[in-house]
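Close look at the chain arrangement
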Amino acid sequence: MSDTGPGPDHTPHHDRDIVVKGPLAVQRGDHNVQNNYFTLAFPDPVELGAQRLGHVVLAQWRGEAALRGLLGPDPIPVRWRATSDAELADHAERTGRPGEASTADLGSFADAFSHPQRRRLVVLGGPGSGKSSLAVLLVIKLLQRMDVGDPVPVLLPLASWRPAEEHLSGWLERQLLREYPFLKRGTVRELLARHRVLPVLDGLDELPAAERPNALQELNTALAAGIPLILTCRTEDYRTAVDSASVLREAAVVEADPLTAEQAAEYLLRSATPQQQERWRPLADALRKDPTCPAAEVLKVPLMLWLCRTAYAHPRPGERPEELPEELLPEELLPEDLADRILFPTTAVVERHLLDSLVPSVYPARPLPPPQPGRRTSREAPWEGRRADQQRVSHWLGFLARHLERRGTPDLAWWELGTAVSLWPRMAVTGLVCAVCVGLVVGLVDGVQAALAYPGPEPGLWPRLVHGILVAAVDALINAVPAAMAFALAHGIGFAFKGGALEPSHVRIRLGRGARRPGARSGTEILARAGLGFAGGLAGGLGIGLLQGIVRKLLSGDPYALRVGLVDAVIYGGMFAVVGGLVGAAMAWCEALEPIETAPGPGELLTRNRKAVLLQWLLFAPLFGAGVAVAGWPAVELLDGYLWGIRLGWTIPDGLRFGLLTAFGAGLGTVLSLTAWGQWAVFARFWLPLTGLLPRTAMAFLDDAHRRGVLRKAGAVYQFRHTRLQQHFARPAVRLPRGEKPSRR
């Protein structure tokens, strides 16, 4: 194809022009002698998103695997093979045989998994068997083999999914946007719609027990045939879930083979440098010679074998001390001493000794890594990195473990942390914090009002300021002392009435049409809440009035102070009772029940409860305050302005002041003393960090401990990864038995 002229202006073209028409481009040569045709390839934005997501995920889990010690030249040789329990897997013709693989060589697993008919895998094992480690290494291996058009393996903790509330695709979309904020919502939806994401779901056992069968059913329903998936779970929990639901269809199921003493010995020698092999050889020889010794039994667990290798990785300079210390630490022993039946007579003693090195192993004192591009960074910067004071971490974990031991439960619920303090001290702390809050609110309002209405003879700002400060101090004290007593008693009565810690609110506020959605309160429940509001308002009003009269009597010696307090008690009690009943009914009408078990996780439940409590306070505390402000005038008129010889008065400024203080002062005190989030704020955020029992960012610490494998999630609560771990942290430092000097082999 050629043109007959140089162009519309008949000017010759000395440069080569490129004319683009859609995907077709035409290049014209000099003087139109030659034309070249070629097609432009516009990159697919979804493919670009998948490739970038793959790079970010690979960098993420490479870094995580390095921190966990999984990328060394000699990983622990845990072997994985198809389960022998036919009740846990689908028909063999649908899944094929996954073959065998080792964490030291996952190539065969990756090959089998990439087969079109073998793109689902369930990884089972006991605590500490290496399920999560296998998932991490398999993600890395699949990403290294990823080609154009392949799905991106993304490892996500399953603990926050609630299948009864959220479709799997919606949950995956939310998690991807949360963890990888560079992705756009449209790109994520396209990736999921085109099956370009391979979900690697870690921890089916971390869902509430009642949710696990629902999760399996939803996975089978939501994922069409052939869509890839990897799922990890503890064996017994998966068996229980399968009994109530169904196996994961088209999924091969593999389990970990227990390590043998020979494999443990070979790993210890192979993972040591040539210069250190002789240091490990006596222990390896002892394991081979006596495979039934306590050390051999313990080191068959991959977690314990890793702890042994980490704890004894670096020899201590100098000779071993002749006299053994009362408490033996890893750096004070040689590896061979683990096989000494005198020092370590039982498996429990060996386990406790190795668990002493858990915190230094998972909380290494290393410099903070830089933030990873493309990933969400935590607001709690100290816990985003891998640097922490190991002694304090052990102290905090010990406090949590002893708290659980005293309560006789493995469930670490954030709303129960305050119960680590006994009832009377807890009432005192609650009353003190509430008194400070009420005193600040009252002092600020009355101080500003007094300064603005200064009646003194001396003009100027300074006299007004001094007068306002004095009035603020006196009124704050008069109101703070009764508030301390009232809210301390309210917390104690609420605890006794409940029979335990105040639980998170089981409700959400539903306004408008939402108030009649499923779960909304019935008429009987609304009347019951109105009665509770009436009784609470009556008791609160009577108590505050009487306490204020007593405090005035003690501070001023006024002979009429007690009578005035009694009159105030009657007035306040009546107003608070009527308004409290109405507001209680309004609150119940706007509430809808929501069980705690539906919360995606502890942190999400805390956020949800905080929002619910603050919304209730902001909505109904002003309503209560306005009702009290308005109710004062008819109460005074009904009593003809006198009661027991005391003249009554209720002006508009009095009503506004009293309503404002009631709404914000009393409302804040109620939130802090009678709600689960308020008790969390008082104790987990203030008192326990102040006394050194927890860090200031307690929830961030718990979440970080979960990511490091110390804790696990079980619905809305945390648990220690294993009962032995909880028991280990709950007891003081273990003194090893002392006998004759151990032999040197």
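Computed from a predicted structure; not experimentally measured.

Parameters and conventions
Along each chain, residue indices are assigned from 1 in the same order as the chain's sequence is written. Restriction of local features to residues with pLDDT of at least 70 applies here, the model being predicted, together with a cutoff of 80 or more for giving and counting side-chain atom pairs; totals for whole chains, interfaces and linings are based on all residues. Side-chain numbers here rest on the full set of heavy atoms in the structure, without hydrogens or water. Every residue carries a pLDDT, the predictor's confidence in it, which falls somewhere between 0 and 100. Only DSSP runs of H or I covering at least 4 residues are called helices, and only runs of E covering at least 2 are called strands; the numbering of each starts at the N terminus. In this text, buried Ala, Val, Leu, Ile, Met, Phe, Trp, Tyr and Cys residues form a nonpolar core when linked through side-chain atoms within 4.5 Å. The classification of residues rests on relative accessible area computed with a 1.4 Å probe and restricted to protein chains. Under 20% of the type maximum is buried, over 50% is exposed, and intermediate values are partly exposed. For this analysis, residues touch if any pair of their heavy atoms sits within 4.5 Å. The angle between two axes is taken between their N-to-C directions and runs from 0 to 180 degrees, where each axis is a line fitted to C-alpha atoms and a helix contributes only its stretch in contact. Angles below 35 degrees are treated as roughly parallel, those above 145 as roughly antiparallel, those between 65 and 115 as roughly perpendicular, and all remaining angles as oblique. Take the far helix as your reference; a near helix turned counterclockwise from it by less than a right angle gives a left-handed crossing, and one turned clockwise gives a right-handed crossing. When residues are grouped by polarity, Ala, Val, Leu, Ile, Met, Phe, Trp, Tyr, Cys and Pro land in nonpolar, Asp, Glu, Lys and Arg in charged, and all others, Gly among them, in polar. Only the six-membered ring of Trp is used, alongside the rings of Phe and Tyr, when aromatic pairs are assigned; centres must lie within 6.5 Å, and planes under 30 degrees apart are stacked while those over 60 apart are edge-to-face, with the rest tilted. Residues are said to line a cavity or pocket when one of their atoms sits within 4 Å of a point; the points come from a 1 Å grid over protein atoms alone, cavities being sets where a 1.4 Å probe fits but cannot get out and pockets being open sets with protein on both sides within 12 Å along at least five of seven lines. Grid points are joined across faces, edges and corners, and a volume is the space filled by probe spheres set on the points. The salt bridge definition used is simple: a Lys or Arg side-chain nitrogen within 4 Å of an Asp or Glu carboxyl oxygen. In short, DSSP must find at least two bridges between two strands for them to pair.

Moving on, we come to the confidence of the model for the chain. Looking at the chain as a whole, the pLDDT averages 77, with 78% of positions reaching at least 70. Taking the mean pLDDT of every element in the chain, the minimum, 42, falls on helix 15 (residues 381–384) and the maximum, 92, on helix 23 (residues 676–690).

To continue, consider the nonpolar core. Of all hydrophobic cores here, the largest spans 158 residues; its most connected members are Leu231, Tyr238, Leu287 and Phe720. Here the element with the most residues in this core is helix 4 (residues 131–144); it accounts for nine residues. Leaving out residues up to four positions away in the same chain, leucine 287 has contacts with Ala261, Ala264, Ala265, Leu268, Cys293, Ala295, Ala296 and Leu299. If you look at the next biggest cluster of nonpolar residues, it comprises 20 residues, including Val567, Phe576, Ala635 and Val636.

This part covers the packing of helix 17 (residues 423–452) against helix 22 (residues 652–674). Running from amino to carboxyl end, helix 17 crosses helix 22 at an angle of 160°, the nearest separation of the two axes being 9 Å. Judged by the angle between their axes, helix 17 and helix 22 are roughly antiparallel. Taken as a pair, helix 17 and helix 22 cross one another with a handedness that is right-handed. Note on element contacts: helix 22 touches helix 17 through Arg657, Leu660, Leu661, Phe664, Gly665, Leu668, Gly669, Leu672 and Ser673, opposite Thr430, Val433, Cys434, Cys437, Val438, Val441, Val442, Val445, Asp446 and Gln449. For the contact of helix 17 with helix 22, the residue count by class is twelve nonpolar, five polar and two charged.

Looking now at the packing of aromatic side chains. For any pair of aromatic rings, geometry is given as the distance between the ring centres together with the angle between the planes. Under the criterion given, the structure shown has eight aromatic pairs. Ring geometry for tryptophan 414 against tryptophan 415: centres 5.5 Å apart, planes inclined by 90°, an arrangement best described as edge-to-face. Overall, the relative accessible area of 10% leaves tryptophan 415 in the buried class. Measuring from centroid to centroid gives 6.4 Å for phenylalanine 686 and tryptophan 687, while their planes differ by 50°, and the two rings are tilted. On the basis of relative accessibility, which here comes to 39%, the residue phenylalanine 686 falls in the partly exposed class.

The next point concerns the environment of tryptophan 424. Here tryptophan 424 shows up in helix 17. Among the residues examined, tryptophan 424 registers a relative accessible area of 66% and is labelled exposed. Spatially, the C-alpha atom of tryptophan 424 lies 8.9 Å from that of alanine 488, the residues being 64 residues apart in sequence.

What follows is about the side chain of lysine 713. On the secondary structure map, lysine 713 appears in strand 15 (residues 711–714). Residues in contact with lysine 713, not counting those within four places in the same chain, are Ala159, Glu206, Pro602, Asp703, His706 and Tyr718.

Overall, the coordinates contain three cavities of 30 Å³ or more when judged by the stated rule. Approximately 100 Å³ is the volume attributed to the largest cavity. Trp415, Gly418, Thr419, Ala501 and Gln679 are the residues nearest the centre of the largest cavity, which is lined by 14 residues in total. Mapped by element, the contributors of at least two residues to the lining of the largest cavity are helix 18 (461–498) and helix 23.

With that settled, consider the packing of helix 21 (residues 602–638) against helix 23. Relative orientation of the contacting elements helix 21 and helix 23 amounts to 110°, with a least axis distance of 8 Å. Relative to helix 23, the element helix 21 lies roughly perpendicular. Contacts from Leu606, Asn609, Arg610, Val613 and Leu614 in helix 21 reach Ala676, Trp677 and Trp680 in helix 23. Grouping the amino acids of the contact of helix 21 with helix 23 by side-chain chemistry returns six nonpolar, one polar and one charged.

A separate point is the pattern of salt bridges. Per the counting criterion, the structure on display carries 20 salt bridges. A salt bridge links aspartate 703 to arginine 707, with the nearest nitrogen and oxygen atoms 3.9 Å apart. Of this pair, aspartate 703 and arginine 707 both sit in helix 24 (residues 698–707), four residues apart, which is roughly one turn of that helix. The exposure class of aspartate 703 is partly exposed, given its relative accessible area of 28%. The exposure class of arginine 707 is partly exposed, given its relative accessible area of 32%. Aspartate 704 is the partner of arginine 707 in a salt bridge, and the nearest nitrogen-oxygen pair spans 2.9 Å. Of this pair, arginine 707 and aspartate 704 both sit in helix 24, three residues apart, roughly one helical turn. Through salt bridges with shared partners, one network takes in Glu262, Glu266, Asp285 and Arg288.

Where burial is concerned, the two faces of strand 15 agree: the one with Leu711 and Lys713 and the one with Arg712 and Ala714 are both buried. For strand 15 and strand 16 (residues 717–720), the ladder comprises four bridges, and the chain directions are antiparallel. Within strand 16, the residue paired with alanine 714 across the bridge is valine 717. Where strand 15 folds back onto strand 16 in an antiparallel hairpin, the turn is made up of two residues, including glycine 715, whose phi is positive at roughly 75°.

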